Amino acid sequence: YEQPVSHWFSLSAEIDASIGAAKTFEQYKLSSGDATYSAQENLRYTYGISLLPEFTLSKKIQLFLRAGVGNGNIESKATGFMGGQASTVSYKKNDFYYNFGAGLDFAVAKHWRLRAEGDYVLFTPYTRADDATVYPPGSSSGIPVHSNITNKIHSLRVLVGLNYQF
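Residues numbered from 1 in each chain as written. Predicted model: local features only at pLDDT ≥ 70, side-chain atom pairs only at ≥ 80, totals over all residues. Heavy atoms only, no water.

Peer 1: How do you make sense of the pattern of salt bridges when you look at a structure like this?
Peer 2: On inspection of all chains with the given rule, the structure shows 9 salt bridges. A salt bridge links Arg66 to Glu14, with the nearest nitrogen and oxygen atoms 2.8 Å apart. Of this pair, Arg66 sits in strand β4 (residues 61-82) while Glu14 sits in strand β2 (residues 9-29), placing them 52 residues apart in sequence. On the accessibility criterion, Arg66 (6% relative accessible area) is buried. When salt bridges with common partners are traced through the structure, they connect Glu14, Glu54, Arg66, Asp105, Arg113, Arg115, Glu117, Asp119 and Arg157 into a single cluster. (Salt bridge = Lys/Arg side-chain N within 4 Å of Asp/Glu carboxyl O. Helix = DSSP H or I, 4+ residues; strand = E, 2+ residues; numbered from the N terminus. Buried < 20%, exposed > 50% of the residue type's maximum accessible area, 1.4 Å probe, protein only.)

Below is the structure:
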């Protein structure tokens, strides 16, 4: 939806949804030297709404900004080894996000626009606490281990597309 405010400024609202948007893979070596940790996170789907103030630069070019909010479903699987002991943790969660961006629209025909856009997406940081018992090699007594892992998922996405304006 687009509402012209003046001949040089308009305001649009945009609703979006995506499936299978992003995958990440991270691997860590802990300072103890005998522990490794790897995690894979999948952003399974997202949906959100954005406001887009648009500024007319010429008859064919518009500059727009983006500010929006949304929700995404994150699936994570982490595996780790410490002292030869393996463990796996899996979880799914819905998470709130903000997105900010800017771009340009180029009119290529009466109703067609070529769009180039860069967006920054930031999910709400969250902390997950894990408790485990680690058995050093050759030992029958375990050592309790507690860890707090803080995830801060953010991304920069670059979009190029062709839009039809009704």
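Okay, back to it.
Peer 1: Explain the packing of aromatic side chains to me, please; I cannot follow it from the model alone.
Peer 2: Any pair of aromatic rings gets described here by the distance separating the centres and the angle formed by the planes. Under the defined criterion, the tally for this structure stands at 7 aromatic pairs. Ring geometry for Trp8 against Phe55: centres 6.2 Å apart, planes inclined by 20°, an arrangement best described as stacked. Pair noted here: Trp8 is in the loop between β1 (2-4) and β2 and Phe55 is in strand β3 (residues 35-56), with a separation of 47 residues, a long-range link. Aromatic pair Tyr97 and Phe123: ring centres 5.2 Å apart, planes at 50°, arrangement tilted. Here Tyr97, found in strand β5 (residues 85-107), pairs with Phe123, found in strand β6 (residues 112-123); they are 26 residues apart in sequence, far enough to count as distant. A relative accessible area of 5% means that Tyr97 is categorised as buried. Through a chain of ring-to-ring contacts, the aromatic side chains of Trp8, Phe9 and Phe55 assemble into a single cluster. Sitting over the ring of Phe64, Arg115 keeps its end group 4.2 Å from the ring centre. (Phe/Tyr/Trp six-rings, centres within 6.5 Å; stacked < 30°, edge-to-face > 60°. Lys NZ or Arg CZ within 6 Å of the ring centre and 35° of its normal.)

Read these as geometric descriptors, not functional statements.
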